[in-house]
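# A structural walkthrough
So you can see what is in the structure, the chains are spelled out below.
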Amino acid sequence: MIAMLDQDKFNQTAKRRSPENKKFLLKLKQREPRKVDEAFHQLHEEVFEEINCLTCANCCKTTSPIFYPNDIERIAKGMRMKPGTFVETYLRIDDDHDYVLKSSPCPFLDAENYCTIYEDRPKACREYPHTDRKKMVQITDLTYRNTLVCPAVLEIVERLKALSI
Ligand code: SF4
Ligand code: SF4
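Here goes a summary of the coordinates provided. Numbers given for residues are sequential positions, taken from 1 along each chain in its written order. Going through the entries in the order they are written, you letter the chains from A and number the ligands from 1. Only residues with pLDDT of at least 70 get local features here, since the model is predicted, and only at 80 or more are side-chain atom pairs given and counted; chain-wide, interface and lining totals rely on the full set of residues. The basis for the side-chain values is all heavy atoms of the structure; hydrogens and waters are excluded.

## Some details on the site of ligand 1
Just so we agree on the cut-off: Nearness is judged by heavy atoms alone; a residue qualifies as near a molecule or strand once a single heavy atom is within 4 Å of it. Here the nonpolar group is Ala, Val, Leu, Ile, Met, Phe, Trp, Tyr, Cys and Pro; Asp, Glu, Lys and Arg are the charged ones; every other residue, Gly included, is treated as polar.
Around ligand 1, the surrounding shell consists of Ile 51, Cys 53, Cys 56, Ala 57, Asn 58, Cys 59, Tyr 128, Val 149, Cys 150 and Pro 151. For the shell around ligand 1, the per-class residue count stands at nine nonpolar, one polar and no charged.

Listed below in structure tokens is the structure:
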């Protein structure tokens, strides 16, 4: 049987390293963007070779993606629902005026950590945890916040600290 993420242990480690990671990521903004991207992208590949998201699903359990109009249309269609009914049933508007889930864990996550709307899932879910994006120096705040949610991001940042970029 594959070991599941020890959530308490992860939360403790992430919290303990949080001040150092915050400082490190803030400083990264001053580095050469291309070099930062290269390092992130290589570590993203490396770490996701080692981590199986099905043993984790912490993102789906604890945070909500943004649902853009295209996401809502596509998902509602896949569920044979009217977009309006989908919004009414599952979504609310957050402080940034974006549509997000009313509740967490995500209602589309099943007991085995599979996404039941995988083919139609929101763009934000496809792109999470955003460590293979271009211009990583522009999203260091987001990356910092994700060190507290995603074990892969925490590991990527830990390995990044060991490199001299
Ligand atoms: S993306 Fe990160 S938080 Fe989400 S399931 Fe994978 S390792 Fe866990
Ligand atoms: S839609 Fe799927 S991938 Fe996105 S948060 Fe929900 S379960 Fe996770």
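## Remarks on the packing of aromatic side chains
Quick reminder of the rule: Stacked, tilted and edge-to-face pairs are distinguished by plane angle, under 30 degrees for stacked and over 60 for edge-to-face with tilted covering the rest, among Phe, Tyr and Trp rings (Trp via its six-membered ring) whose centres lie within 6.5 Å. Counting from the N terminus, the helices are DSSP H or I runs at least four residues long and the strands are E runs at least two residues long. Each residue gets one of three labels from its accessible area relative to the maximum for its type: buried under 20%, exposed over 50%, partly exposed in between, using a 1.4 Å probe on protein chains only. Both a distance and an angle decide whether a charge sits over a ring: NZ of Lys or CZ of Arg must be within 6 Å of the ring centre and within 35 degrees of the ring normal.
Evaluated as defined, the whole model comprises four aromatic pairs. With centroids separated by 5.1 Å and ring planes inclined at 45 degrees, the aromatic side chains of Phe 86 and Tyr 90 adopt a geometry described as tilted. Note that Phe 86 and Tyr 90 are positioned in helix H5 (residues 83–90) at a spacing of four residues, about one turn of the helix. The exposure classification of Phe 86 matches that of Tyr 90, with both residues buried. Among the aromatic side chains, those forming a connected cluster through ring pairs are Phe 67, Phe 86, Tyr 90 and Phe 108. Taking NZ or CZ as reference, Arg 121 lies 3.8 Å from the ring centre of Tyr 118, over its face.

## Observations regarding the nonpolar core
This is how the line gets drawn: In this description, a nonpolar core means a group of buried Ala, Val, Leu, Ile, Met, Phe, Trp, Tyr and Cys residues linked to one another through side-chain atoms lying within 4.5 Å. Whether two residues are in contact is decided by their heavy atoms, any of which lying within 4.5 Å being enough.
Counting residues in each nonpolar core, the largest one holds 18 residues, and the members touching the most others are Phe 24, Leu 25, Leu 28, Val 36, Phe 40 and Leu 160. Contributions of two or more residues to this core are made by helix H1 (7–28), helix H2 (33–50) and helix H8 (151–161). Not counting residues up to four positions away in its chain, the partners in contact with Val 36 are Leu 28, Arg 31, Met 136, Val 137 and Ile 165. Phe 67, Ile 72, Leu 91 and Cys 106 belong to the second-largest nonpolar core, a separate cluster that totals 12 residues.

## A look at the environment of Glu 50
Its place among the elements puts Glu 50 in helix H2. Owing to a relative accessible area of 53%, Glu 50 belongs among the exposed residues under this scheme. Glu 50 sits 102 residues away from Ala 152 along the chain, and the two C-alpha atoms are 9.0 Å apart.

## Details of the packing of H2 against H8
Selection rule: Every axis in this analysis is a line fitted to C-alpha atoms, fitted for helices over the stretch in contact. Angles between the N-to-C directions lie between 0 and 180 degrees. Roughly parallel refers to an angle under 35 degrees, roughly antiparallel to one over 145, roughly perpendicular to one between 65 and 115, and oblique to any angle outside these ranges. Helix crossings fall into two classes, left-handed where the near helix is turned counterclockwise from the far one by less than a right angle and right-handed where it is turned clockwise.
For the pair H2 and H8, the least separation of the axes is 9 Å and the interaxial angle reads 130 degrees. Our classification of the angle between H2 and H8 gives oblique. Taken as a pair, H2 and H8 cross one another with a handedness that is right-handed. On the side of H2, the interface is formed by Ala 39, Phe 40, Leu 43, His 44, Glu 46, Val 47, Phe 48 and Glu 50, while H8 contributes Ala 152, Glu 155, Ile 156, Arg 159 and Leu 160. Class assignment of the residues belonging to the contact of H2 with H8 gives a composition of eight nonpolar, one polar and four charged.

## A look at the pattern of salt bridges
Applied cut-off: Only one rule defines a salt bridge in this text: a Lys or Arg side-chain nitrogen within 4 Å of an Asp or Glu carboxyl oxygen.
A complete count under the given rule lists 10 salt bridges for this structure. Across the pair Arg 159 and Glu 155 runs a salt bridge whose closest N-O atoms are separated by 2.7 Å. Of this pair, Arg 159 and Glu 155 both sit in helix H8, separated by four residues, roughly a single helical turn. When its relative accessible area of 21% is taken as the criterion, Arg 159 is described as partly exposed. Three or more residues joined by partner-sharing salt bridges are found here, namely Arg 17, Glu 20, Glu 158 and Lys 161.

## So, the side chain of Thr 131
With respect to the element layout, Thr 131 can be found in the loop between helix H6 (123–127) and helix H7 (140–147). With residues up to four places along the chain from it excluded, the contact list for Thr 131 reads Phe 40, His 41, His 44, Phe 48, Met 136, Val 153 and Ile 156.

## Here's the deal with the packing of H1 against H7
As a packed pair, H1 and H7 sit with axes 8 Å apart at the nearest point and diverge in direction by 165 degrees. If you check the angle between H1 and H7, you find them roughly antiparallel. In this structure, H1 crosses over H7, and the sense of that crossing is right-handed. Contact residues: H1 offers Phe 10, Ala 14, Ser 18, Asn 21, Lys 22, Leu 25 and Leu 28, while H7 offers Thr 140, Thr 143, Tyr 144 and Thr 147. Among the residues making up the contact of H1 with H7, the classes are represented as five nonpolar, five polar and one charged.

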